[in-house]
Structure formats: structure tokens, C-alpha cells
Amino acid sequence: MDHVKIASDNYVAFTFFIGTMAMMAASVFFFFEVNNTSKKWRTSVLVSGIITFIAAVHYYYMRGYNLATGDSPTFFRYVDWILTVPLMCVEFYLITKKAGAKIALLWQLIFASLVMLITGYVGEVLDSGNSVLWGVISGLAYFYIVYLIWFGEVAKLAQKAGPQVEQATRILAWFVLVGWAIYPLGYILGTPGGLFGVKLVSDPAAAIRAMDIVYNIADAINKIGFGLVIYALSRSAEDES
Ligand SMILES: *C/C=C(C)/C=C/C=C(C)/C=C/C1=C(C)CCCC1(C)C
């Protein structure tokens, strides 16, 4: 098999490579730290590791695929998200469970995240001529998640769960509001509809490259950063009952 070299100006392949390594490193860290974590927080730290591990497997594949074909691995990008974003919803459920979070709240978060991702996939791949419309529907589901976490059930439960959980939830809420908002930017760059018809990058190949780089950066921030907030919570709240 031929060995494909990453050209030094190939930022797409490079960020796939860095992403793979970062997700692998984060997974090793979270998995090893599970044993040093108090019982109460073990599942949460384990789930952080599972999120970065699933991403590592996808990044390993997407890195090779992109390097060999030069194409954007959109399908596996969405397979990754459809597995990891619901697991991030599980994290919100786990940390607010002690304050009485019901399983119905978890399903609400998961359902909204699936609507957000499936409509995003439709807009990117299946019906990209209507990418603006699908992007707006996806955005509505996204804002519903933001609402639940900032003002709805999640916020209310976090308040009852003690200062540490409340603070961690606040930081995670910022991840969802700011970190997750990077994704629609990638979508706007890479889909034909652009920003309500305004194309930010006119060359189609460059637009797809920009989208992949933006998604890769967003994934590193959101998956690893999110996990580290959970990890920090598991240390600070060790003696909270
Ligand atoms: C680890 C992966 C994560 C946290 C992925 C998050 C993805 C999103 C928040 C995607 C959102 C989108 C919109 C809000 C509108 C346009 C379509 C999407 C799917 C890119």
C-alpha cells in the first residue's frame, strides 16, 4: 500500500491527524482516572472517556479517508456526532440525577439532539439545495437544548444539586452556547445555501475544506473540554454528599 504524505499546507488532513491524537490521549487520561475517582463520579468520568474514545475511532478513520481521497468524510462525521452528542446529554442527566433528574429529561435532550443532527445531515447531504431551511430547523432544536440547559429543567436541577454541580453545569452550559455554536458556522461555510444565501467562501472546494477545519476544531474543544469540566467536578465535589 502506498504511503500518503500529509502536505505541510494541508490543514484539513493535519487537523484530522491532531484530532485523532488528541482524542486518543484524552481517552487514555479519562479511562485511567476512572479508578482514582470517587464512586459517585465514576460513571460520569467513564462517559467522558467513552465520548473521546468514540471520536478517536472516527477520527482515525476520517483522517485516513480524507488523506486517501481528499474528500470530506461527512457520513462518518455524523455517525460520530449521533453517538457522542446523546452521550453528552447523558452527562447532564448524570450530574443532575442526585437532585432528582428524571429519565424523561434525558429523552427530551436526546430527542432534541437527534432532530438537530438528522436535519443537519439532510441539509448537508440529502437535500443540500435546501440547506438553509434544514439549517434553521436544526438550529431550532439546538436552541431548545440551550434553553433546557440555561433556563429549563437542567438549570433548575443544577441549582438544587449544590454549588459545585451548579458551577460545573454553568460551564458546560457555556460550552453548549458558545462551543456548539461553532458547528453551524462550519455548516454555513460548507453548504450551498451559505448564510441565508450569502456565500462566505465562494470556491466550493475551499468551502468544504473550511467546513472540515471548523468542525475539527469544534470537536476538540467540545469533546475534550466538556470531559475535563466533568473531571474537574469529580475532584472538587468529592466530599459533597
Ligand atoms: C462532539 C460533537 C458535537 C458536540 C457536535 C455538535 C453539533 C452541533 C451542535 C451541530 C449543530 C448544527 C446546527 C445547530 C445547524 C446546522 C447543522 C448542524 C448539525 C451543524
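Residues numbered from 1 in each chain as written. Predicted model: local features only at pLDDT ≥ 70, side-chain atom pairs only at ≥ 80, totals over all residues. Heavy atoms only, no water.

Visitor: I keep staring at helix α1 (residues 11-34) and nothing clicks. Help me out?
Guide: For an α-helix, the turn length of 3.6 residues means that residues three or four places apart are oriented alike. In this model, α1 (24 residues) spans 34 Å end to end at C-alpha, consistent with the 34 Å of a helix rising 1.5 Å per residue. Listed in full, the buried residues belonging to α1 are V12, A13, T15, F16, G19, T20, M23, A26, S27, F30, E33 and V34. Those residues of α1 hidden inside the fold are in contact with α2 (39-69), α3 (74-97) and α9 (204-236). (Helix = DSSP H or I, 4+ residues; strand = E, 2+ residues; numbered from the N terminus. Expected span 1.5 Å × (residues − 1). Buried < 20%, exposed > 50% of the residue type's maximum accessible area, 1.4 Å probe, protein only. Contact = heavy atoms within 4.5 Å.)

Visitor: Honestly, the packing of aromatic side chains in this entry has me stumped. Any pointers?
Guide: Think of a pair of aromatic rings as described by two things: how far the centres are apart, and how the planes are tilted against each other in angle. Summed over the entire model, instances satisfying the criterion amount to 19 aromatic pairs. The interplanar angle of 90 degrees and the centroid separation of 5.0 Å between the aromatic rings of W150 and W174 together place this pair among those described as edge-to-face. On the criterion of sequence distance, the pair formed by W150 in helix α5 (residues 131-150) and W174 in helix α7 (residues 163-179) is long-range, its members being 24 residues apart. Using a relative accessible area of 14% as the deciding quantity, one classes W150 as buried. Since its relative accessible area comes to 45%, W174 is described here as partly exposed. Of the aromatic side chains, those joined through ring pairs into one cluster are Y61, Y65, F75, F76, Y78, W81, Y121, Y183 and Y215. It is R63 that lies over the ring of Y60; its NZ or CZ is 4.7 Å from the centre. (Phe/Tyr/Trp six-rings, centres within 6.5 Å; stacked < 30°, edge-to-face > 60°. Lys NZ or Arg CZ within 6 Å of the ring centre and 35° of its normal.)

Visitor: How should I be thinking about the pattern of salt bridges in this particular structure?
Guide: When the charged atoms of two side chains with opposite charge come close together, those side chains can pair. Summed over all chains, the structure comprises five salt bridges. Its salt-bridge partner being D212, residue R77 comes within 2.7 Å of it at the nearest N-O pair. One end of the pair, R77, is in helix α3; the other, D212, is in helix α9, and 135 residues separate them in sequence. There is no split in this pair, since R77 and D212 are both buried. Among the salt bridges present, the one from K223 reaches D80, with a minimum N-O distance of 4.0 Å. One end of the pair, K223, is in helix α9; the other, D80, is in helix α3, with 143 residues separating them in the sequence. Residue classification places K223 among the buried positions, given a relative accessible area of 3%. Taking the relative accessible area as the measure of exposure, D80 reaches 0% and is therefore buried. When salt bridges that share partners are traced, they join R77, D80, D212, D219 and K223 into one network. (Salt bridge = Lys/Arg side-chain N within 4 Å of Asp/Glu carboxyl O.)

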